[in-house]
Amino acid sequence: MGSSTKLDFNLQLLLEQLDQDELVMFKYFLRTFPPPSGLQQIPPTEVEEADAKQLAEILINTYPSSWVETVTIQALIKMSRRYKTLIPLYNPKALAGPFPHTVVLQGAAGVGKTTLAKKLMLDWTEDELGQTFRYAFYLCCRRLNCMGPCTFAELVLQGWPALPEAIADVLAQPQKVLFVVDGFDELRVPPGALIHDLCGDWRTQKPVPVLLGSLLKRKMCPKATLLVTTRPWALRELRLLVEQPVVLEVEGFSESDREEYFLKHFEDEAGALRALAATRSNAALFGLGAAPPVCWIICSCLKLQMLRGQDPTLTCQTTTSLFLRFLCGQFTPTPGAHPTERLQAPMKALCLLAVQGIWARTSTFDGEDLRRLGLEEGELGLFLDKSVLLRDRDCEGAYCFAHLSVQQFLAAVFYLLGGEEEDRDRSRWDIGDVEELLSKEERLKNPSLTQVGYFLFGLFNEERVKELETTFGCQISMEVKRQLLRCKAKYIENKPFPSMMGMKELFYCLYESQEEEFVKDFVGHLKEMSLHLKDKTDIVHSSFCLKHCPNLQKISLQVEKGLFLENDAALESDSQVRSQIDRHILPFWTDLCSVFATNNNLIFLDISESFLSNSSVRILCENIVSATCNLQKVVLKNIFPVDAYQNLCLTFSGQGYLTHLNLQGNDHIDMLPLVCEVLQQPKCNLQYLRLESCLVTTQQWADLFSTLRINQSLMCLNLTSSELSEGGVRLLCATLTHPKCSLQRLSLESCRLTEACCEDLSSALVANQRLTHLCLAKNDLGDEGVKLLCKGLSHPNCKLQRLVLWCCNITEVGCDHLSKLLQRKTSLTHLDLGLNRIGTIGLKSLCKALKEPLCSLKCLWLWGCALPPFSCMDLSSALSINQSLISLDLGQNTLGHSGIMILCEALKLQTCPLQTLRLKIDAPGPETQKLLNEVRESNPQLTIESETPNPREHRPSSCDFLF
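What you see is a predicted model, and the numbers here were worked out from it, not measured in a lab. (Residues numbered from 1 in each chain as written. Predicted model: local features only at pLDDT ≥ 70, side-chain atom pairs only at ≥ 80, totals over all residues. Heavy atoms only, no water.)

Caption draft 1: Structural view of the overall build of the chain. A count of helices and strands for the chain gives 43 helices and 23 strands. The burial tally for the chain puts 56% of its 963 residues in the buried class. Once local pairs closer than 6 in sequence are excluded, the contacts in the chain between residues at least 24 apart make up 80%. In the structure as shown, the chain presents an accessible area of about 41100 Å², 49% of it carried by carbon and sulfur atoms. (Helix = DSSP H or I, 4+ residues; strand = E, 2+ residues; numbered from the N terminus. Buried < 20%, exposed > 50% of the residue type's maximum accessible area, 1.4 Å probe, protein only. Contact = heavy atoms within 4.5 Å. Areas by Shrake-Rupley, 256 points an atom, 1.4 Å probe, with all protein chains shown as cover.)

Shown next, in the form of C-alpha cells:
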C-alpha cells in the first residue's frame, strides 16, 4: 500500500506526463475542491483552456505559499496511476467472498489517507467506480463532531441538496452504496458512544455517534461497502466495531520520494544533498519525513539556516532541535532587537491549544474549543500567517496544526511555560502532569504522548531554552526538569523509571536533551546495562549515555543482523557498497566502544546473539587492550563472524584481568584449540571456563585436558552439551587424578554420558582431593551408574560436596544406593535429584538416610519427582528428627492440601532446622493458607517459596554453582 503515496513534486513535469483523460480529471479536481478562503480562485475558463505546461505555471504563480494544497494536488496526480490496483474497491474480484466489505486505510498523520479517500470520491464522480457503486457518500469525522442530533438520511445527504427525495431509492440498493468515513481517529465521542443505542431506522433522529456506530456495526445499511481512514492508535477501537476489515497501510513518502522532494525544494543540488545527508543522520527525523507536511517543514527550516550560513547537521542532530529551529525561524527577531511582547500571549495560547488537543486526542479545533480554553481567534493570527496553524479545509471555522509533530512539540513547550496559575487550571482542562505524560499506561492509551515526552526531554537544554526565550519573550521554567529528577530518585537503583519507559526509550529521551549533566543525573548511578542495538540510532544514543555512567560494571550487548554489513553475503560482490556502509556506522560504534577504554569500573561484558564484522570486532578489541580496561568476566554466545571468538578471546586473555570466560554457540568452530591458546598465555588468570555445545575430536579433548595439567588458575570447568564420548571422559578423569589439576567445580550436563562412564568418574572422585562440585544432569546414568558413583563417593578421600543428578533416569533403586551412602559419614552436603521418578519408595529410602545422625545433607532438591500426597508421612517423620537439612525443594510435586498438612506438623516444631522450603501450591484455599501462616508464626526462620509460573525455565538453585 505504501507505493500508493509515493508522490512526485515536480508539478510541471508531472502535468506534462498526464494523458488527456488524466488532465481532464485534474482540472475537475480544481473545480471540485477550491482553495481555502482568502486565496485567489483561478478562473474556470483559464483552467479549461490551459494545456499541461500552462496549467503548471498558473498553479505555481497562484499558490506560492499554499504548500498544503500543492501537496494534495500533486498526491492525487501521482496516485491516479498506481493506487487503483492497490485498493480492492477498484477490483472487487480481488476480494474474497461477496460484497459488502470494509476497507481500512491506516497510517501515521499526514501520509495521505484523506487525499486517497478524496481521490476515490473523485474517481466515482468520473464514473471510475460507476459499475460497482451507484452512490458514494463522504463523511468527514471532523465535520461530524460539529453536528447535533439528526437522522441518518440528514447525516449522509450533506452536500447533496437534490437527493433527499431519492433517499429511499439509495437505501433500497445498499449493495451499490459506498460510504467513505474519513478520519475515524478524529471522532470526539465518549467511551461506548459508538456501540450504545444502535439504530437501524434512517428516519429516526439520533446523536451522530449513534448513527455512525450503527453504520460501522452494520445495523444501518448492512450491505453497503465502507472505506474508513484512521491513524494506527485508533485501529484497535475500530476493529471492535467492524467485522473482518481489509486493512491497508498508507506509508507516505518512500525514501526516493523524500530525496526527490529535497532536490526540487532547494535551488541547487549540492545544497539539497547536504540537507538530505543531515536529515538522514537522524533516523527518527528522516522517518517523520514520510509525511509530506513534515518533509516541507524540514526543507523549509534547513534552507533558511543554510541561507544564513548555519550548519544543518547540528540542527538535525535531534528532532527537537529541528522543530525548535523551524518554529523560531518563523519569528526570528532582527539583530539587536528584543522579542516583542505581542508574541508572549499568543505563544502561550497556542501551546495550551496544542497540549489540550493532545490529551483530548484531537488535532482540529473550532470556536467552541477556543472559548472553552479562554482563547481569542485573534491571538492565533500570527501563527496562521506563518503556516504553523492552518484553517481546516473540511470544517469551516476550525483550525488544525501544520502537522501532528508541530502540535506535539508545542504541547511539550507548554510544560515549560508552567506556573502556579497553569498548574491550577490544568485539571480543569484535563491535561495530565509530567508523570502522567511519561507513564506507560497513559502512552498506551494515547500514543501521541510518547513524542511529546521526547520533545520535553529535548527542551531540557539551556541553549534551546534561551532560543525560545529570545524568540518569544517567554519565561521558561525548569521546575519540570527538577520534578523529573525527584521522580527518578524514588525508584530502585539500576531501574530508572521502571513504570515509565525501558532503557532504550530512556536513552532516546536523554539523547534528545544533549545536556550532559542532566544525563549524568539520570544514569550516573547505573551499574548494569543491557543494550539491544538494531540500527545506527541505537548506537548513537547508547554511546552518548554510556559516557555518563561512571559506575557501570556490566554491559550486555545484542547486535542485530544487518547493522554491520561488512561480512554480509549479499554484498560480497560489491566491495564499494560494503565499505561505504561500514564507514557510515563504524565511527559511531567506535564512540560506543570507547567506554571500555575510559571506564575502569567495567568488569563484565556479555555479547550474545550478535552479528558483528571484522572491523567492528577490531575496534572493540582496540579499546579493550587499553590500559584502563579491567574486564574480568566475559560471555560470548552465538556471535558472527566465527573468527570473532578468536580475536576477542586472545584480546581478553592478554590483559591478565580475565577470570571468567563463557563461550557458547557456533558449533562448527574449533573452540578447544582457541581455549588451549588462551589457557597457555603467560598472563592467563582464568578461573571459570564454560564451553557449551562443543563438537570436537578426541585429540582436541586430549589437548585441552593436557593444558589443564599445566594451567594452575582454572578452578571451574563447564562443558554443558558437549559430546565427550567414553574416550573423552577417560582423558578427563586422567586429568582429574593428576596432582597439578586445580579444578574444583565440573559440569558435564547433557554430555551423553552413560553408566559406562561412571566407573572412571568414581575413581577420579577418590583420587582427586580438590573437586567439590560435580554436575551430571541430563545424562542417562540410570541406577547402575549411581551405584558406581556411590562407590567413589563413599571413599574417605572423596571431598565432593555438591552432586547434581537432575534428570538422570534414576528410580527408587538408585535412591536406595544413595540412601546407603548418606547414612555414612561423607562430604556430600547438597544433592539434586530433580526430574527423576523416584516416587514413594525412593523417597522412603532417602528419608531413612535423613533420620541417621551421620547424615550431613544440608540441601535436597526433589523437583518433579512424582511424589504423591501420602509420601509426606515419611518426609514429615524425617524432618522431625533430622538436624542438618536447611533447604528442601518439593516443587512440581502435587502434594495437595493433605500432603501439606502432614508436612506442616513437622515444620511447626522449633527443633526443625529447615530454612527454605519450595512447594507447588495450586490456588491455595483458606485452609491451606491458614496452615502456612501457622507454620510461619511458629517457625519464623523458615521461608516457604511457591512454584514459579514457568518452572521448567527456572532450574533449582543447585545448578547455579557453576558460572
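Caption draft 2: Up close: the sheet that holds strand β3 (residues 177-182). Reading across the sheet, the 5 strands line up as β2-β3-β4-β1-β5 and stay open at both edges, with parallel pairing between neighbours. Looking at the sheet topology across the chains shown, the edges are occupied by β2 (135-140) and β5 (246-249). If you compare each strand with its neighbour and ignore which way they point, the axes differ by 15 degrees on average. (Pairing = 2+ DSSP bridges. Axes fitted to C-alpha atoms, helices over the stretch in contact; angles between N-to-C directions.)

Caption draft 3: Fine view of the environment of G842. Tracing the backbone shows G842 in helix α40 (residues 839-850). Taking the relative accessible area as the measure of exposure, G842 reaches 0% and is therefore buried. Taking the C-alpha atoms as reference, G842 lies 7.9 Å from G814; in sequence the two are 28 residues apart. Setting aside its immediate chain neighbours within four residues, G842 contacts E812 and C815.

Caption draft 4: Just helix α36 (residues 725-736), in detail. Between its first and last C-alpha, α36 extends 17 Å over 12 residues, near the 16 Å set by a 1.5 Å rise per residue. Listed as buried for α36 are G728, V729, L732, C733, T735 and L736. Looking down the long axis of α36, one finds its buried residues gathered within 155 degrees of arc, a one-sided arrangement. Lining the buried residues of α36 we find α35 (698-710), β16 (745-747) and α37 (755-767). (Expected span 1.5 Å × (residues − 1). Arc of directions from axis to C-beta.)

Caption draft 5: The packing of helix α42 (residues 896-907) against helix α43 (residues 926-938), seen in detail. At a minimum axis distance of 10 Å, the contact between α42 and α43 shows a crossing angle of 15 degrees. With respect to α43, the axis of α42 lies roughly parallel. Classified by chirality, the crossing of α43 by α42 is left-handed. Here α42 contributes H897, I900, M901, C904 and L907 to the contact with α43, which in turn contributes E927, T928, L931, L932 and V935. Broken down by class, the residue content of the contact of α42 with α43 amounts to 7 nonpolar, 2 polar and 1 charged. (Parallel < 35°, antiparallel > 145°, perpendicular 65-115°, else oblique. Left-handed = near helix turned anticlockwise from the far one by under 90°. Nonpolar A, V, L, I, M, F, W, Y, C, P; charged D, E, K, R; others polar.)

Caption draft 6: Focus on the confidence of the model for the chain. The pLDDT averaged across the chain works out to 82; a share of 81% of its residues lies at or above 70. Mean pLDDT across the secondary structure elements of the chain bottoms out at helix α5 (residues 67-82), with 44, and peaks at helix α39 (residues 812-822), with 97. Every residue in residues 1-11 scores below 50 in pLDDT, and together they form 51 contacts with partners more than four places removed in sequence or on other chains. Confidence drops under a pLDDT of 50 for residues 64-83, and excluding neighbours within four residues, the segment shows 54 contacts in the predicted structure. (pLDDT = per-residue confidence, 0-100.)

Caption draft 7: Fine view of the packing of aromatic side chains. Taken as a whole and judged by the stated rule, the model has 23 aromatic pairs. Between F137 and F179, the aromatic rings sit 5.5 Å apart at their centres with planes inclined by 25 degrees, giving stacked as the arrangement. A residue pair is termed long-range when its members are at least 10 positions apart, and F137 in strand β2 and F179 in strand β3 qualify at 42 residues. Taken as a pair, F137 and F179 share a single burial class, namely buried. Summarising the aromatic geometry, the rings of F457 and F522 are spaced 5.9 Å apart at their centres and angled 65 degrees between planes, so their arrangement reads as edge-to-face. Residue F457 is found in helix α25 (residues 448-458), and its partner F522 is found in helix α29 (residues 516-523); the two are separated by 65 residues along the sequence. (Phe/Tyr/Trp six-rings, centres within 6.5 Å; stacked < 30°, edge-to-face > 60°.)

Caption draft 8: Representation of unusual backbone geometry. Following F640, the chain continues into P641 via a peptide bond in cis, with omega recorded as 5 degrees. In this structure, P641 sits in the loop between β12 (633-640) and α33 (644-653). At Q244, a position not held by glycine, the phi torsion is positive, near 45 degrees. Mapped onto the fold, Q244 is located in the loop between α11 (235-239) and β5. Positive phi outside glycine occurs at E609, with the angle close to 50 degrees. Note that E609 resides in strand β11 (residues 604-611). Its relative accessible area of 36% is what places E609 among the partly exposed residues.

Caption draft 9: A look at the pattern of salt bridges. The tally for this structure, following the rule as stated, stands at 25 salt bridges. Between R280 and E259 there is a salt bridge; the shortest N-O distance is 2.4 Å. Of this pair, R280 sits in helix α13 (residues 269-280) while E259 is found in helix α12 (residues 255-265), placing the two residues 21 residues apart along the sequence. A relative accessible area of 31% means that R280 is categorised as partly exposed. Of the charged contacts, one joins R730 and D760 as a salt bridge, the two residues approaching to 3.8 Å between their closest N and O atoms. Taken together, the residues R730 in helix α36 and D760 in helix α37 connect sequence positions 30 residues apart. (Salt bridge = Lys/Arg side-chain N within 4 Å of Asp/Glu carboxyl O.)

Caption draft 10: Focus on the sheet that holds strand β7 (residues 389-391). Spatially, the 3 strands line up as an open sheet ordered β6-β8-β7, and their pairing is antiparallel. Since the sheet does not close on itself, it has two edges, and those belong to β6 (364-365) and β7, each with one partner. Against the sheet, helix α18 (residues 344-360) contacts β6, β7 and β8 (399-401), and its axis sits at roughly 85 degrees relative to β8.

Caption draft 11: Representation of the packing of helix α28 (residues 503-513) against helix α30 (residues 536-546) in the model. Close contact between α28 and α30 brings their axes to 9 Å; oriented N to C, the two are set at 75 degrees. If you check the angle between α28 and α30, you find them roughly perpendicular. Mapping the contact onto sequence places K504, F507, Y508, L510 and Y511 in α28 and D538, V540, H541, S542, F544 and C545 in α30. For the contact of α28 with α30, the residue count by class is 7 nonpolar, 2 polar and 2 charged.

Caption draft 12: Main features of the nonpolar core. W589, L805 and L862 are the most contacted members of the largest nonpolar core, which totals 247 residues. Dropping the residues within four chain positions of it, L805 is found in contact with L776, L781, V786, L789, I810, L818, L831, D832, L833, G834 and N836. F137, V181, M220 and L238 belong to the second-largest nonpolar core, a separate cluster that totals 37 residues. (Core = buried A, V, L, I, M, F, W, Y, C linked by side-chain atoms within 4.5 Å.)

Caption draft 13: Structural view of the environment of Q632. Examined against the element boundaries, Q632 turns out to sit in the loop between α32 (614-624) and β12. Discounting chain neighbours no more than four positions away, the residues touching Q632 are I603, Y657, L658, T659 and H660.

Caption draft 14: Layout of the pairing of strand β23 (residues 943-946). Where strand β22 (residues 916-919) and β23 come together, 4 bridges link them in parallel fashion. Across the sheet, R918 pairs through a bridge with E945, a residue of β23. As for the winding sense of the linkage, the β-α-β connection from β22 through α43 to β23 is right-handed. (Right-handed = clockwise from strand over helix to strand, strands pointing away.)

Caption draft 15: Examining a negative patch on the surface more closely. Together, D430, D433, E435 and E436 make up a region of like negative charge exposed at the surface. Topologically, E436 is positioned in helix α23 (residues 434-438). Here E436 falls in the partly exposed class, since its relative accessible area comes to 35%. (Patch = residues over 30% accessible without salt bridge, like charges linked within 9 Å, V, L, I, M, F, W, Y side chains within 5 Å. Lys, Arg positive; Asp, Glu negative; His and termini not counted. Charge placed at Lys NZ, Arg CZ, Asp CG, Glu CD.)

Caption draft 16: Local environment of the pairing of strand β1 (residues 102-106). For β1, the tally of buried residues reaches 5 of 5 residues, placing the bulk of the element in the interior. Neither face of β1 is open: one carries T102, V104 and Q106, the other V103 and L105, and all of them are buried. Relative to strand β4 (residues 225-230), β1 runs parallel, the two sharing 5 bridges. Looking across to β4, one finds that Q106 is bridged to T230.

Caption draft 17: Examining the environment of A278 more closely. Among the structural elements, A278 can be located in helix α13. Overall, A278 belongs to the buried group, its relative accessible area being 2%. Here the alpha-carbon distance between A278 and D311, two residues 33 residues apart in the chain, equals 9.1 Å. Those residues within four positions of A278 in sequence are excluded, and the remaining contacts are P312, T313 and C316.

Caption draft 18: Focus on the side chain of D257. Here D257 shows up in helix α12. We classify D257 as buried; its relative accessible area is 3%.

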